[in-house]
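# Observations on the three-dimensional arrangement
Take a look at the letters that make up each chain.
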Amino acid sequence: MPASTPRSRRALAIALDEHCERLAACRRCSHAPAVLPIVSHARAPRAMLIGQAPGQVETTGGKPFAGRAGRTLFRWLERAGLDESTAREVLYIAAMTRCYPGPHPSGRGDRVPSPGERAPCADWLEDELRIIRPTLIVPVGRLAIDRFLGPRPLDEVIGHEHEVEHVGGRAVAIPLPHPSGASSWVHQPGNKALLERALDLLGARVNSAAAGHRSVA
């Protein structure tokens, strides 16, 4: 990864600082002024985790995955060997859209961002892939999984590693289901085992990256 030497880690941190400053000031879409983009705080990431959109808790520009779905996600990551503070340090947390899209009309969960809402955000993710050049990507939920793997059934892609190409190079993608309580996928027969397998794969990849990171520090 680009953080292979102290100098390159510094360059990465500077590039991400500049990028996140621009992102925090973004007002491309028609959301209310109080709805602010989420911004990752990782500056020496070893991988990228890419979700769908912020929840209501993050409406005012808080940390990504700070609400109920985030608590579930970080329990999963802890199962993979990453406590929350470490995960936020080593994973650059991005999303398909960076502002809260609003509640689902049914009143259960959040609304899925429309294609028209996703389009203005697409450049932010492209820029992050170019800056970070991740070799490990963790797409979380249907929108992010489709972005890297195409529209395939979740039970065909979760629990496996996938070689993908992106604007920053090549990476291994390890998809995870959406951690929202409104998602029933993980509770369907056999799917919890697929999630456990995905977390095992993720833990092995993160530990391998950590060993390489220490060897060049």
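All values derive from a computational prediction rather than experimental measurement.

### Here we look at the overall build of the protein
Of regular secondary structure, the protein possesses 8 helices and 5 strands. The order of helices and strands in the protein, counted from the N terminus, is α-β-α-α-β-α-α-β-α-α-β-β-α. Against the 2.2 N^0.38 benchmark of 17 Å for 217 residues, the protein shows a C-alpha radius of gyration of 16 Å, consistent with a compact globule. Taken across its 217 residues, the protein has 48% of its residues classed as buried. For the protein, restricting intrachain contacts to residue pairs at least 6 apart in sequence, the fraction spanning at least 24 positions comes to 69%. Here the protein has roughly 10,400 Å² of accessible surface; of this, 52% comes from carbon and sulfur atoms. Here the protein contributes 28 positively and 22 negatively charged side chains, and the mean placements of these two sets differ by 2 Å.

### Some details on helix 5 (residues 122-132)
Residues Trp-124, Leu-125, Glu-126, Glu-128, Leu-129, Ile-131 and Ile-132 constitute the buried set of helix 5. In the stretch just after helix 5, Arg-133 is the one whose phi turns positive, near 50 degrees.

### Focus on the packing of aromatic side chains
Enumeration over the complete set of coordinates arrives at 0 aromatic pairs. The positively charged end of Arg-147 is found above the aromatic ring belonging to Phe-148, 4.7 Å away from the centroid.

### A short note on the pairing of strand 1 (residues 47-51)
Taken across its 5 residues, strand 1 has 5 buried, putting it largely inside the fold. Residues of strand 1 alternate between two faces, with Ala-47, Leu-49 and Gly-51 on one and Met-48 and Ile-50 on the opposite face, all of them buried. Pairing analysis gives 5 bridges linking strand 1 to strand 2 (residues 91-95), with the strands arranged parallel. Opposite Met-48, over in strand 2, you have Tyr-92 as the bridge partner. Judged from the 3 bridges that link them, strand 1 and strand 3 (residues 136-139) form a sheet pairing that is parallel. Directly across from Leu-49, in strand 3, lies its bridge partner Val-138.

### Here we look at the sheet that holds strand 5 (residues 169-173)
A sheet is described by the order of its strands in space; here 5 strands give the open sequence 2-1-3-5-4, paired in mixed fashion. Sheet topology places strand 2 and strand 4 (162-166) at the edges, where each strand pairs with a single neighbour. Recorded for the sheet is a direction-independent mean angle of 30 degrees between the axes of neighbouring strands. This element, helix 5, spans strand 1, strand 2, strand 3 and strand 4 of the sheet and lies at about 170 degrees to strand 1.

### Quick look at a positive patch on the surface
The grouping of Arg-68, Arg-71, Arg-75 and Arg-108 at the surface amounts to a positive patch. Locating Arg-108 in the fold gives a position in the loop between strand 2 and helix 4 (115-118).

### With respect to the pattern of salt bridges
Counted by the stated rule, this structure contains 12 salt bridges. The partner of Glu-126 in a salt bridge is Arg-147, with the nearest N and O atoms 2.5 Å apart. Pair noted here: Glu-126 is in helix 5 and Arg-147 is in helix 6 (residues 142-149), with a separation of 21 residues, a long-range link. On the basis of relative accessible area, Arg-147 is assigned to the partly exposed category, the value being 31%. Three or more residues joined by partner-sharing salt bridges are found here, namely Arg-79, Glu-196 and Asp-200.

### Comments concerning the nonpolar core
Of all hydrophobic cores here, the largest spans 55 residues; its most connected members are Leu-49, Ile-50 and Leu-77. Setting aside chain neighbours within four positions, we find Leu-77 in contact with Leu-49, Leu-82, Ala-87, Leu-91 and Leu-202.

### Some details on unusual backbone geometry
One non-glycine residue, Phe-65, lies in positive phi territory at about 55 degrees. Along the polypeptide, Phe-65 turns up in the loop between strand 1 and helix 2 (68-79). Of note, Arg-133 is a non-glycine position whose phi angle comes to about 50 degrees, a positive value. Looking at the secondary structure, you find Arg-133 in the loop between helix 5 and strand 3.

What counts, and where the lines are drawn
Residues numbered from 1 in each chain as written. Predicted model: local features only at pLDDT ≥ 70, side-chain atom pairs only at ≥ 80, totals over all residues. Heavy atoms only, no water. Helix = DSSP H or I, 4+ residues; strand = E, 2+ residues; numbered from the N terminus. Rg over C-alpha atoms; globule rule 2.2 N^0.38 Å. Buried < 20%, exposed > 50% of the residue type's maximum accessible area, 1.4 Å probe, protein only. Contact = heavy atoms within 4.5 Å. Areas by Shrake-Rupley, 256 points an atom, 1.4 Å probe, with all protein chains shown as cover. Lys, Arg positive; Asp, Glu negative; His and termini not counted. Charge placed at Lys NZ, Arg CZ, Asp CG, Glu CD. Phe/Tyr/Trp six-rings, centres within 6.5 Å; stacked < 30°, edge-to-face > 60°. Lys NZ or Arg CZ within 6 Å of the ring centre and 35° of its normal. Pairing = 2+ DSSP bridges. Axes fitted to C-alpha atoms, helices over the stretch in contact; angles between N-to-C directions. Patch = residues over 30% accessible without salt bridge, like charges linked within 9 Å, V, L, I, M, F, W, Y side chains within 5 Å. Salt bridge = Lys/Arg side-chain N within 4 Å of Asp/Glu carboxyl O. Core = buried A, V, L, I, M, F, W, Y, C linked by side-chain atoms within 4.5 Å.

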